[in-house]
Amino acid sequence: MKHSLLASIGIGLAITLGIVWVILLFQGGDEGTVSGVIVSREGVSRVREPAVAGSFYPASKEFLSAQVGELLSGATPSSIDGFIRAMVVPHAGYAFSGATAAFAYKALSANVREFRRDPLTIILIGSGHTVDVDGAAIDSHDEWQTPLGRVSINRRIRDLLVEQDTIFRIDETPHRSEHSLEVQLPFLQKVLSQFTIVPILVNRVNNEEKARISAALAALPGDVVVIASTDLSHYPSYEDAQKVDAQVIEAIVSGETDKYQNTIHQLAQQHIPHLETFSCAQPAVAIAMMAARLLHARRITPLHYSNSGDALLGDKSRVVGYSSIVFSSDSLDDTFSISDQEKLLDLARDSVETYIRTGRMPAVKDYTFPLNQYRGAFVTIKKDGALRGCIGRFEPDMPLFRVVSEMAIAAASKDSRFMPITPEELNDLHYEISVLSPLQSVKDWTEIKIGTHGVRVQQGSQSGVFLPQVATENGWDLGTFLGELCTQKAGLPRDCWKDPSTQLSVFTAQVFGE
C-alpha cells in the first residue's frame, strides 16, 4: 500500500509505544506483513507457519486465547434462524476489528451448537494484499499453524475443486505472507471443536469466473460455510466512513451482487477525500454472496459495524471500516424448484423402468447444481395409493442424482417387505422423493417435532427409520409414531424410545412426488 498508518499516530508516539506501533501498522489490514515460514520435512505434514502472529494478534498462546475469549464474551449477536451458510468478516488487527469479527463467530458458535453441525468445512476466501492473484489460488500446505495449534486443510475438498474447474489452482505463493485468512483461524479455533479449512485467494476474476467459483463452492459435499474476509472503506474520515460503509453494507444485505458492485462503482464517482477502497476483497464478497444464494441462504443479517476510529487508540481522521454479516437458510432444508423436483422424479422413474425391463443399471448423466449436491435421500414407490417399496440412504457420500437413481432401483427390487416390481406394474406406479437434512442426535425424545422430524432409532445392531410424513399420513401422535417405529422398523420393544440406551436421531426432509 502507498500509505503507512505510522504517519497517522506520529513518530514520537511510535517510539514511545513500540507495541502499539506494531498493532497500528496493520490497522486497516492492508499494510506490510511478516513473512511466513514453510515447514516441509520427509514423512510429516507441510505446515504453513503464522505470518502475522505478534502483529495482528498476540504470538503468545495464553494472551491470544484470553483476548479472543474476551472479544467473544463481549459480542451479543442476533439470533440466527436456519443454517449459517456464509459470512462476511473483517480482518484487521484484533485491537481494531476483533470486536466486530467476534459477533460473526459468536453467532456461528451458537448455530453449530443448536444444530449439532460437526464437523464443518470452512471455505476461507479473500483477496491477496501482497500478490495480485489470477483465478482462485488454494494453498498447498497440509496444515496452518497458529499459537492455538494446527488446523488441517481439507485436501479432499481442495482436490475436488481443482478437478472440477480449471479456475482453481494450487499455489502457496500468494498465501505465504497473506494476513486476511490467517486472522480468522484463532476465532474458529475458539468456537469450533471440529473443522477443516480450504484457504482461497482471488483478485482478478470477472463475473463469469465468480459465478463458476461460487457454483463449485455451493455444490461441495458435507456441511460447508463460506467466510469472505474483507474490511470496508479505507482511510476516509470517521464520518465519511460511516456514510459509505452503511451503503455498502445495505448492498450486501440485499443479496444482489450487481447492487453490491454498482454501489461501490457509484461511490467511487464521488471522490471522497482520502478514500482508497470500499471493500478490499470485493471479488471474495461477491463470490460468497453468490454461493449463499445458490445455497438458498436468503436471510441476510448484519450483526455489527465499527471502524478503527472506535478503537482505544484509533485515529478518527483516517479510518478503516469493519462489518460482520451472516447469510442463513430459512430452514434446515434447501429448497428445490419445481423444475428440479421434476428432473429427480423423472430420473427415479426412468431408472426403475430401465432396470426392471433390462436387468441393467441405467447410465445416468451428470446434473448441475443443486442436483449434484451430496445429500441423502429416500425414494418411495406407491401403487394405487399403497406402499410398494421405500429405501434410502443418509450418508451424503455421492451426488443427489445418483442417490435417487440407486435408491429408486433398490426400492423397486430390494425392499424385503415386497416382491420385486414386475414390468406389468410399471405404468401404475407413482414416485415420491424425500431429500434429507443431516442426521442430528437428540438426548430427549421431547425434542422431536411430529410432522417435522423424521426419526431413526438405534439400539445395538437394530435400527429403524420413519420419514417425517409417516406420522401425518397415519394421523399418529408422537408416542404412537415412536412406538410404531420401534416395533415395525427396528424390531424392538414398543417403548424402546424411552430406554436411555436407545440412540435417537432426527432429520428433516423436503418431500415431493408425482
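Residues numbered from 1 in each chain as written. Predicted model: local features only at pLDDT ≥ 70, side-chain atom pairs only at ≥ 80, totals over all residues. Heavy atoms only, no water.

### Some details on the sheet that holds strand S19 (residues 503-507)
And then number 1: Pairing is antiparallel across the open sheet formed by 4 strands, whose spatial order is S16-S19-S17-S18. Edge positions in the sheet fall to strand S16 (440-442) and strand S18 (462-466), since each of these pairs with one other strand and no more. Averaged over all adjacent pairs, the angle separating strand axes in this sheet is 25 degrees, with direction ignored.
And then number 2: Relative to S18, strand S17 (residues 454-459) runs antiparallel, the two sharing 5 bridges. Within S18, the position partnered with Arg456 by the bridge is Val465.
And then number 3: Together, S17 and S18 form the strand contacts of helix H15 (residues 478-489), whose direction differs from that of S18 by roughly 130 degrees. (Pairing = 2+ DSSP bridges. Helix = DSSP H or I, 4+ residues; strand = E, 2+ residues; numbered from the N terminus. Axes fitted to C-alpha atoms, helices over the stretch in contact; angles between N-to-C directions. Contact = heavy atoms within 4.5 Å.)

### What to know about the state of the cysteines
And then number 1: In total, this model carries 1 disulfide according to the counting rule given.
And then number 2: With its sulfur 2.1 Å from that of its partner, Cys486 forms a disulfide with Cys496. Because the sign of the S-S torsion sets the handedness, a value of about -80 degrees for the bond joining Cys486 and Cys496 places this disulfide among the left-handed ones. Pair noted here: Cys486 is in helix H15 and Cys496 is in the loop between H15 and S19, with a separation of 10 residues, a long-range link. Cys496 carries the same exposure label as Cys486, and that label is buried. (Disulfide = S-S within 2.5 Å. Buried < 20%, exposed > 50% of the residue type's maximum accessible area, 1.4 Å probe, protein only.)

### With respect to the sheet that holds strand S3 (residues 84-89)
And then number 1: Sheet architecture is open: 8 strands sit in the order S8-S5-S9-S4-S10-S3-S12-S11, paired in mixed fashion. The sheet is open, and its two borders are formed by strand S8 (168-170) and strand S11 (299-307), each paired with just one other strand. Across the sheet, the mean angle from the axis of one strand to that of its neighbour is 20 degrees, orientation sign disregarded.
And then number 2: Strand direction decides the pairing type here: S3 and strand S10 (residues 224-229), joined by 4 bridges, are parallel. By the bridge assignment for S10, Ala86 is matched with Val226.
And then number 3: Strands S3, strand S4 (120-126), S10, S11 and strand S12 (321-328) of the sheet are contacted by helix H5 (residues 94-115), whose axis makes an angle of about 175 degrees with S3.

### Quick notes on the packing of aromatic side chains
And then number 1: This structure, assessed with the given rule, holds 9 aromatic pairs.
And then number 2: Here Phe394 and Phe507 contribute two aromatic rings whose centre-to-centre distance is 5.0 Å and whose plane-to-plane angle is 70 degrees, an arrangement assigned as edge-to-face. Of the two residues, Phe394 is situated in the loop between strand S14 (386-393) and helix H13 (400-413) and Phe507 in strand S19; the sequence distance between them amounts to 113 residues.
And then number 3: Given a relative accessible area of 17%, Phe394 falls into the buried group.
And then number 4: Put simply, the rings of Tyr57, Tyr94, Tyr105 and Phe187 pair up and form one aromatic cluster.
And then number 5: The ring of Trp144 is capped by Arg48, whose NZ or CZ atom sits 4.3 Å from the centre of that ring.
And then number 6: For Lys316, the ring lying beneath its charged end belongs to Tyr238, and the centroid distance is 4.9 Å. (Phe/Tyr/Trp six-rings, centres within 6.5 Å; stacked < 30°, edge-to-face > 60°. Lys NZ or Arg CZ within 6 Å of the ring centre and 35° of its normal.)

### Considering the environment of Arg113
And then number 1: Position of Arg113 relative to the elements: it lies in helix H5.
And then number 2: Sequence separation of Arg113 and Val191 is 78 residues, and the distance between their C-alpha atoms is 9.9 Å.

### Observations concerning the packing of helix H12 (residues 338-358) against H13
Helices that pack against each other are described as a pair by the angle of their axes relative to one another and the distance between those axes.
And then number 1: Taken N-terminus to C-terminus, the directions of H12 and H13 make an angle of 45 degrees; their axes are 8 Å apart at the nearest point. In terms of orientation, H12 and H13 fall into the oblique class. Taken as a pair, H12 and H13 cross one another with a handedness that is right-handed. Two secondary-structure elements touch here, H12 through Leu344, Leu347, Ala348, Ser351, Val352, Tyr355 and Ile356 and H13 through Leu400, Phe401, Val404, Ser405, Ala408, Ile409, Ala412 and Ser413. (Parallel < 35°, antiparallel > 145°, perpendicular 65-115°, else oblique. Left-handed = near helix turned anticlockwise from the far one by under 90°.)

### A look at the nonpolar core
And then number 1: Judged by nonpolar contacts, the single largest core of 46 residues is most densely connected at Leu161, Ile200 and Phe327.
And then number 2: With 7 residues, the top contributor of residues to this core is helix H11 (residues 282-294).
And then number 3: Aside from chain neighbours lying at most four places away, what touches Phe327 is Phe83, Ile84, Arg85, Ala86, Met87, Val88, Ile252, Met289, Ala292, Ala297, Arg299 and Ile300. (Core = buried A, V, L, I, M, F, W, Y, C linked by side-chain atoms within 4.5 Å.)

### Some words on helix H9 (residues 238-254)
And then number 1: An ideal rise of 1.5 Å per residue puts 24 Å on 17 residues; H9 measures up with 24 Å between its terminal C-alpha atoms.
And then number 2: For H9, the secondary structure elements touched by its buried residues are helix H10 (257-268), H11, S11 and S12.
And then number 3: Just downstream of H9, Gly255 is the residue with a positive phi angle, here 80 degrees. (Expected span 1.5 Å × (residues − 1).)

### So, helix H8 (residues 207-218)
And then number 1: For H8, built from 12 residues, the straight-helix expectation of 16 Å at 1.5 Å per residue is met to within 8% by its first-to-last C-alpha distance of 16 Å.
And then number 2: Among all positions in H8, only Glu209, Lys210, Ile213, Ser214, Ala216, Leu217 and Ala218 are buried.

### Some details on the side chain of His234
And then number 1: With respect to the element layout, His234 can be found in the loop between S10 and H9.
And then number 2: In terms of polar contacts, His234 uses its side chain to reach the backbone carbonyl oxygen of Leu232, at 2.6 Å. (Polar contact = N/O pair within 3.5 Å; in protein donor to acceptor, adjacent residues only side chain to side chain.)

### As for the environment of Phe83
And then number 1: Its place among the elements puts Phe83 in the loop between helix H4 (61-73) and S3.
And then number 2: Assessed through its relative accessible area of 3%, Phe83 is described here as buried.
And then number 3: Taking the C-alpha atoms as reference points, Phe83 and Phe327, 244 residues apart in sequence, are found 8.4 Å from one another.

### Focus on the confidence of the model for the protein chain
And then number 1: Per-residue confidence for the protein chain gives a mean pLDDT of 89; residues scoring 70 or more make up 90%.
And then number 2: Throughout residues 1-42 the model reports pLDDT below 50, and contacts reaching past four residues in sequence, or to other chains, amount to 92 contacts. (pLDDT = per-residue confidence, 0-100.)

### Topic: the packing of H9 against H10
And then number 1: Where H9 contacts H10, the two axes come as close as 8 Å, and the packing angle between them is 160 degrees. Looking at the two axes, H9 sits roughly antiparallel to H10. You can see that H9 and H10 cross each other, and the crossing is right-handed. On the side of H9, the interface is formed by Val244, Gln247, Val248, Glu250, Ala251, Ile252 and Ser254, while H10 contributes Lys259, Tyr260, Thr263, Ile264 and Leu267.
And then number 2: A breakdown of the residues in the contact of H9 with H10 according to their chemical character gives 7 nonpolar, 3 polar and 2 charged. (Nonpolar A, V, L, I, M, F, W, Y, C, P; charged D, E, K, R; others polar.)

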